[in-house]
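Letter by letter, the chains look like this.
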Amino acid sequence: QVQVVESGGGLVQPGGSLRLSCAASGSIRSIYWMGWYRQPPGEQRDLVAEISANGITNYQDFVKGRFTISRDNTKNTVLLQMTSLKPEDTAVYYCYVSTATGSYWGQGTQVTVSS
């Protein structure tokens, strides 16, 4: 069993910042990729950013220059630092981890950008 838990969502004004955290625990042998998806109301879930075990990052165009992903392999954690937030960033953000035994998802954390 692998558990994935996100934290750090909330309400922020446009132009503000938030940091999302995600921790994976349990029967983990090897974590390949860790990352974040988001799902706005009534829309599909889309990739936001991801990072490999050796630090290769992949960002969607709509967050480049505003979001930064990082991870700590010793703690099995991944962070998403979000700056210059826009109302269209409002969504439930989901953390995922890709391991040798499959991919696992967190329950999601709500991010709301509104004045």
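Everything here concerns the structure above.
Let me sum up the structure you'll find in this document. (Residues numbered from 1 in each chain as written. Predicted model: local features only at pLDDT ≥ 70, side-chain atom pairs only at ≥ 80, totals over all residues. Heavy atoms only, no water.)

1. Let's talk about the sheet that holds strand S1 (residues 2-7)
Here comes step 1: Ordered by their spatial adjacency, four strands build an open sheet running S1-S3-S8-S7, and the pairing between neighbours is antiparallel. Strands at the two margins of the open sheet, each flanked by one partner only, are S1 and strand S7 (67-72). Within this sheet the neighbouring strands show an average axis-to-axis angle of 15°, counted without direction.
Here comes step 2: Bridge count for S7 against strand S8 (residues 77-82) is six bridges, and the pairing is antiparallel. Bridged to Ile 69 within S8 is Leu 80. (Pairing = 2+ DSSP bridges. Helix = DSSP H or I, 4+ residues; strand = E, 2+ residues; numbered from the N terminus. Axes fitted to C-alpha atoms, helices over the stretch in contact; angles between N-to-C directions.)

2. Quick word on the packing of aromatic side chains
Here comes step 1: This model, assessed by the stated rule, comprises three aromatic pairs.
Here comes step 2: With 5.5 Å between their ring centres and 80° between their planes, Tyr 37 and Tyr 96 make a pair best called edge-to-face. On the criterion of sequence distance, the pair formed by Tyr 37 in strand S4 (residues 31-39) and Tyr 96 in strand S9 (residues 91-99) is long-range, its members being 59 residues apart.
Here comes step 3: The class for Tyr 37 is partly exposed, based on a relative accessible area of 23%.
Here comes step 4: Owing to a relative accessible area of 8%, Tyr 96 belongs among the buried residues under this scheme.
Here comes step 5: Relative to Trp 105, the ring of Tyr 37 lies with its centre 5.1 Å away and its plane at 70°, an arrangement referred to as edge-to-face. Placement of the pair is Tyr 37 in strand S4 and Trp 105 in strand S10 (residues 102-105), with a sequence separation of 68 residues.
Here comes step 6: Over the ring of Trp 105 we find Arg 45, and its NZ or CZ is 4.9 Å from the ring centre. (Phe/Tyr/Trp six-rings, centres within 6.5 Å; stacked < 30°, edge-to-face > 60°. Buried < 20%, exposed > 50% of the residue type's maximum accessible area, 1.4 Å probe, protein only. Lys NZ or Arg CZ within 6 Å of the ring centre and 35° of its normal.)

3. What to know about the nonpolar core
Here comes step 1: In terms of nonpolar packing, the biggest core is built from 27 residues, with Trp 36, Leu 80, Met 82 and Tyr 93 touching the most fellow members.
Here comes step 2: Elements that contribute at least two residues to this core include exactly S1, strand S3 (18-26), S4, strand S5 (46-52), S7, S8, S9 and strand S11 (109-113).
Here comes step 3: Apart from the residues within four sequence positions on either side, Met 82 is in contact with Gly 16, Ser 17, Leu 18, Leu 20, Arg 66, Phe 67, Tyr 93 and Val 111. (Core = buried A, V, L, I, M, F, W, Y, C linked by side-chain atoms within 4.5 Å. Contact = heavy atoms within 4.5 Å.)

4. Examining the state of the cysteines
Here comes step 1: Counted according to the given criterion, the structure contains one disulfide.
Here comes step 2: The residue that forms a disulfide with Cys 22 is Cys 95, at a sulfur-sulfur distance of 2.0 Å. With the S-S dihedral at roughly -80°, the linkage between Cys 22 and Cys 95 falls on the left-handed side. Taken together, the positions of Cys 22 in strand S3 and Cys 95 in strand S9 put the pair 73 residues apart, joining distant regions of the chain. (Disulfide = S-S within 2.5 Å.)

5. As for unusual backbone geometry
Here comes step 1: The backbone of Asn 76 sits at a positive phi, close to 55°, despite the residue not being glycine.
Here comes step 2: Tracing the backbone shows Asn 76 in the loop between S7 and S8.
Here comes step 3: If you check the backbone angles, Ser 84 has positive phi at about 50° while not being a glycine.
Here comes step 4: Of note, Ser 84 is situated in the loop between S8 and S9.

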